[in-house]
Amino acid sequence: SDGCIMEGITSEASSFAGHLNLNNLIVIYDSNDICLDGATSECFTEDTSTRYKSYGWNVQSIDGHSFKLINKAIEKAKLSDKPSLIIAKTVIGKGSPNFQGTSDIHGKAMGAEEVDKTKKYYKIPQDIPFHIPKEVSYYFESHTIKLKHDYLEWKERFNKWRVGFPEISDEFDQLCQPVDGMNLKEKLLTLEVAKNKATRSQSSQVLQVLAQNVPSLIGGSADLSCSDNTYLKNFSMMSSDDYLGRNIKYGVREFAMGAIASGLVLSKLFRPYIGTFLMFSDYMRNAIRLAALMNIPVVYQFTHDSVFLGEDGPTHQPVEHLASLRAMPNLTVFRPADEFEVKAAWFLAMTRQSPSAIVLSRQNIVSTEKTSFNDALRGGYTVKDCDDADFTIFATGSELSLALRVADILNNDEIKTKVVSMFSWELFEEQPDDYKNKIMGGSRNYISIEAQSSFGWERYIGRNGLAISVDTFGLSGKYNDIVSEFGFKEDQIIERIKKVFKLEKAVQ
């Protein structure tokens, strides 16, 4: 429609289709020069035909009210060596004497008098409330018969193809199979992943193994594969010369990338993952939301997950993004602390039938030796236990090792402290109540440590809990300076805990 042709996602996807020379793509554009708010002349005067030709498309313009011309244009488009745009010029609401060609017909129901006048234009009997012309019903009946015939003919050709090309047929069958969770778990449990590395780097190691064991896995990034570490090293890049590539370079087209990933997974042949910086998840939020609404297993890998980026500055430092993603129904968010939780995140993302977001660090993390692949499968679990704890600290991602160091200092001061990894809120909430109650424990006070917005943490720490968080925009500076500025050093956190909970007085 005219509205769709104005949308940014249409430009992104059309540009990419032209780049890949997708000559089996035919788009019909119903161009009636009207949008919801009035005539398009008030907001849209571009030469769409020239724009699409510049994208590398074949363009035709026809009378959109002529079935003969529509069919002719489609047949011509099938022969094109480029993607095709058919601009079908129409009159919106044609036949309505007072509303045709106006924005009123776009979103408003016609009154009874206008309905009667429109029926008269189309020679429809006035006493029939809902009319299907005989020509239309006959077309659908004959078309249904033809479709059944075509399907049986196609099935015969498909079976002959299977016999003639058994190896490719086997590959096709593998793509159609669900992910073998048991095999994948076994592979990941025995996989040695480098310690003390950025979780984006650890994730890259896991991805290489996934690609070898999940034939349907196909990955892509929005101009960042060299930074978000999403590239599959043993496979080629998709191009107009190689459609078999399993790496897709989407360019700076985050929104289209998100929508395309949904299309790939809906084909039932692919398990797509896509990558960009966590900050840029905003650019593709509508696509993520629709995937969540449809509950389809697209995997979003988001790196550069906090203000600890340092020199990249506040424009690239996410603050509210984790809370925003956690607020979305059906989306499971993982923020792994180290290599064991990275492996668990990918295992869950590959085996769950819903969308997942894996949030990873750019900076190196500290491997704790206290995390667990199997325990992480429950979303939240205790990494440092303590009977009759005074405090329970919840943490995620790179801040989990920090929480453990803080707990050690507090315990040395005889302040009993327990630490819980809240690797995935959504997964934790799926657990039975007795398990959740056990992990939450009966501490007198609760603390969260996460270099993101505090929004939502009150669910676990309560209104009187302490959130060590980032509730302002970030800053440009060196890593150590940023850590200090936002109060994420051990001594700074200890000082805040003692001040907020008046521990000096309590210890005395």
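A quick note: this is a predicted structure, and the numbers were derived from the prediction, not measured.

Conventions we followed
- Residues numbered from 1 in each chain as written.
- Predicted model: local features only at pLDDT ≥ 70, side-chain atom pairs only at ≥ 80, totals over all residues.
- Heavy atoms only, no water.
- Helix = DSSP H or I, 4+ residues; strand = E, 2+ residues; numbered from the N terminus.
- Buried < 20%, exposed > 50% of the residue type's maximum accessible area, 1.4 Å probe, protein only.
- Contact = heavy atoms within 4.5 Å.
- Areas by Shrake-Rupley, 256 points an atom, 1.4 Å probe, with all protein chains shown as cover.
- Lys, Arg positive; Asp, Glu negative; His and termini not counted.
- Charge placed at Lys NZ, Arg CZ, Asp CG, Glu CD.
- Polar contact = N/O pair within 3.5 Å; in protein donor to acceptor, adjacent residues only side chain to side chain.
- Axes fitted to C-alpha atoms, helices over the stretch in contact; angles between N-to-C directions.
- Parallel < 35°, antiparallel > 145°, perpendicular 65-115°, else oblique.
- Nonpolar A, V, L, I, M, F, W, Y, C, P; charged D, E, K, R; others polar.
- Phe/Tyr/Trp six-rings, centres within 6.5 Å; stacked < 30°, edge-to-face > 60°.
- Lys NZ or Arg CZ within 6 Å of the ring centre and 35° of its normal.
- Pairing = 2+ DSSP bridges.

Visitor: Give me the overall build of the protein: which residues, what numbers.
Guide: Of regular secondary structure, the protein possesses 23 helices and 16 strands. Across its three principal directions, the C-alpha atoms of the protein cover 95 × 60 × 45 Å. Taking all 508 residues of the protein together, 49% fall into the buried category. Taking the intrachain contacts of the protein between residues at least 6 apart in sequence as the baseline, contacts between residues at least 24 apart amount to 73%. Of the roughly 26,100 Å² of accessible surface on the protein, a fraction of 54% belongs to carbon and sulfur atoms. One finds the centroid of the 57 positive side-chain charges in the protein at a distance of 3 Å from the centroid of its 66 negative side-chain charges.

Visitor: For the side chain of R51, give the residues involved together with the corresponding values.
Guide: With respect to the helices and strands, the residue R51 is situated in helix 3 (residues 48-55). On the basis of relative accessibility, which here comes to 13%, the residue R51 falls in the buried class. Here the side chain of R51 touches E46 through a polar contact of 2.6 Å, side chain to side chain. Filtering out sequence-adjacent residues up to four positions away, R51 remains in contact with I5, S11 and E46.

Visitor: Give a description of the packing of helix 9 (residues 181-189) against helix 15 (residues 339-351) that names residues and reports values.
Guide: Where helix 9 meets helix 15, the closest approach of the two axes is 10 Å, and the angle between their N-to-C directions is 170 degrees. By the angle between their axes, helix 9 is roughly antiparallel relative to helix 15. Listed contacts from helix 15 to G181, L184, K185, L188 and L189 of helix 9 are K343, F347, M350 and T351. Its residues assigned to classes, the contact of helix 9 with helix 15 shows five nonpolar, two polar and two charged.

Visitor: Could you give me a rundown of the packing of aromatic side chains, with the residues and numbers involved?
Guide: Applying the stated rule across the entire model yields 26 aromatic pairs. Members of the aromatic cluster, connected to one another through ring pairs, are F394, W425, F428, Y435, Y446, W457 and Y460. Over the face of the ring belonging to W425 we find R326, whose NZ or CZ atom lies 4.0 Å from the ring centre. Taking the ring centre of Y435 as reference, the NZ or CZ of R378 above it sits at 3.8 Å.

Visitor: Explain the side chain of T10 to me, and be specific about the residues and the numbers.
Guide: Mapped onto the secondary structure, T10 falls in helix 2 (residues 8-20). Looking at T10, the relative accessible area reads 18%, which means it is buried. The contact partners of T10, leaving out residues within four places of it in the chain, are C4, I5 and Y52.

Visitor: Residues and numbers for the sheet that holds strand 14 (residues 417-421), please.
Guide: Reading across from one edge, 12-14-13-15-16 is the order of the five strands in this open sheet, with mixed pairing throughout. Every interior strand has two partners, whereas the edge strands, strand 12 (381-384) and strand 16 (466-468), have only one. Between one strand axis and the next, the sheet turns through 25 degrees on average, direction left out of account. Across three bridges, strand 15 (residues 445-449) lies against strand 16 in parallel orientation. Pairing of S448 across the sheet is with A467, part of strand 16.

Visitor: Before we move on, could you go through the sheet that holds strand 5 (residues 84-89) and cite the residues and values that matter?
Guide: In spatial order, the strands read 1-5-4; together these three strands make up an open sheet with parallel pairing. Either end of the sheet is taken by a strand with one partner, and the two such strands are strand 1 (26-31) and strand 4 (58-63). Each adjacent strand pair in this sheet contributes to an overall mean axis angle of 20 degrees, direction not counted. Here strand 4 runs beside strand 5; their pairing, made up of six bridges, is parallel. Bridging from a neighbouring strand, S61 pairs with I87 of strand 5.

What is shown is where atoms sit, not what they do.
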